[in-house]
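In case you want the letters, here they are:
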Amino acid sequence: MELARAYVQIIPTTENIAGGISSALVPEASSAGDEAGESAGNALADKIKKVVAAAGIGMAIKKGFDAIGDLASYGDTIDKQSQKIGISAKAYQEWDAIMQHSGTTIDAMKAPMKTLANAAQSGSEAFQKLGISEDEVKNLSQEDLFSKVITGLQGMEEGTERTALASDLLGRGATELGALLNTSAEDTEAMRQAVHDLGGVMDEDAVKASARFQDQLQDMQTALDGAKRNIMSEFLPSITTVMEGLTDVFSGKDGGDKISKGIEEFSNNLLNAVPKLMEIGAPIVEGIGSAIINNLPMLTDTATQAILTLVSGLVNHLPDIVTAG
């Protein structure tokens, strides 16, 4: 906002530079003042326009990257947590919504899923009491088996028998699922469909892309930390020498030579590190700067079109907005 305010205040001033120069010069130089003032004013105005545009684009890019980072983090969490539980990313998001509507969280599934896997492996008779055959137990995926168990338990009347079956198949975690088990299978399916209708489910490709983004981000951070450690490690010997000299001084000994030597070595290391820092940093800065400059017309046009579309939509729906207000 401050940049925009400055822009609004400065542009009229620059356009009047010609008038200021004309009034200050003798009449014979009035024409020259007009031309010089106009040229300077236009040049400054153009530069300010570019700076304001670049600042606006830069802020938009930052917000865009922040949004991408948040999305990637969310998708990566889905990818990692769904694998821990043993279900697909799609099922993880569905059950996450269902569990929240049932007064608990997706974490409530972790222990029951482990108990369910053990029950399936041991061939628990509790499955048959819910109408789930041995073939289904062997062939169904873990998430499908969990859904079938939950549906079977929801179809039973609340009581000791249901509690015993839930305990056999889901373990102690079944207690946390009490509200879900008291919900009908139809309501559960409606909640499952609702999260899709509301756009709350990322598709598998987006989840995998998020995981790859986070992995690449971690690799980049590791590389950056490695470069930093390699450069800073060269300063350790000189700093250690200075510390030894200071220790000698505090102990009543002559440590001046060590301090002097350490500072000299530190200065040399600093001079040697500058080219390395430039070698690493220059291509990054140059690449980012070139990318912004080369794509500035397109970015500016895109931002302009987005604003115009938004304004147009507001204007077209203004009667409805006024009525609603």
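First things first, this report covers the structure right here in the doc. Keep in mind the model is a prediction, meaning the values are calculated, not measured.

### Thoughts on the side chain of glutamine 81
Then comes step 1: Within the fold, glutamine 81 resides in helix 3 (residues 30–85).
Then comes step 2: Residue glutamine 81 is classed as buried on the basis of its relative accessible area of 17%.
Then comes step 3: Every residue in contact with glutamine 81, bar those within four places of it in the chain, is listed here: Tyr92 and Lys110.

### Here's the deal with the nonpolar core
Then comes step 1: Within the largest apolar cluster, 37 residues are counted, with the highest numbers of intra-cluster contacts made by Trp95 and Phe146.
Then comes step 2: Sorting the residues of this core by element identifies helix 3, helix 4 (89–101), helix 5 (110–122), helix 6 (126–129), helix 8 (142–154), helix 9 (160–170) and helix 10 (178–181) as the ones contributing at least two each.
Then comes step 3: In terms of residue count, helix 4 provides more of this core than any other element does, 6 residues in total.
Then comes step 4: If near-sequence neighbours (up to four positions away) are discounted, tryptophan 95 is found in contact with Ile106, Met109, Phe146, Ser147, Ile150, Leu180, Thr188 and Arg192.

### Focus on the pattern of salt bridges
Then comes step 1: Under the definition given, this model contains 10 salt bridges.
Then comes step 2: With a shortest N-O distance of 3.4 Å, aspartate 107 and lysine 110 are connected by a salt bridge.
Then comes step 3: Judged by relative accessible area, which is 36%, lysine 110 ranks as partly exposed.
Then comes step 4: Across the salt bridge formed by lysine 258 and aspartate 248, the nearest N and O atoms sit 3.1 Å from each other. Placement of the pair is lysine 258 in helix 14 (residues 256–316) and aspartate 248 in helix 13 (residues 236–250), with a sequence separation of 10 residues.
Then comes step 5: Judged by relative accessible area, aspartate 248 falls into the buried class, the value being 15%.
Then comes step 6: Connected via shared salt-bridge partners are Asp76, Asp79, Lys80 and Lys208.

Parameters and conventions
- Here the residue index of a chain counts from 1 through its sequence in written order.
- Local features in this predicted model are restricted to residues of pLDDT 70 or higher, and side-chain atom pairs are both shown and tallied only at a pLDDT of 80 or more, whereas totals for entire chains, interfaces and linings draw on every residue.
- Excluding hydrogens and water, the side-chain figures rest on all heavy atoms present in the structure.
- Runs of H or I in DSSP of at least four residues are treated as helices and runs of E of at least two as strands, each being numbered from the N terminus.
- We call a residue buried when its accessible area falls under 20% of the maximum for its residue type, exposed when it is over 50%, and partly exposed in between, using a 1.4 Å probe and counting protein chains only.
- Working rule for contacts: check all heavy atoms of both residues, and any pair within 4.5 Å makes them a contact.
- By nonpolar core is meant a set of buried Ala, Val, Leu, Ile, Met, Phe, Trp, Tyr and Cys residues that side-chain atoms within 4.5 Å join together.
- Put simply, a salt bridge is a Lys or Arg side-chain nitrogen that is within 4 Å of an Asp or Glu carboxyl oxygen.

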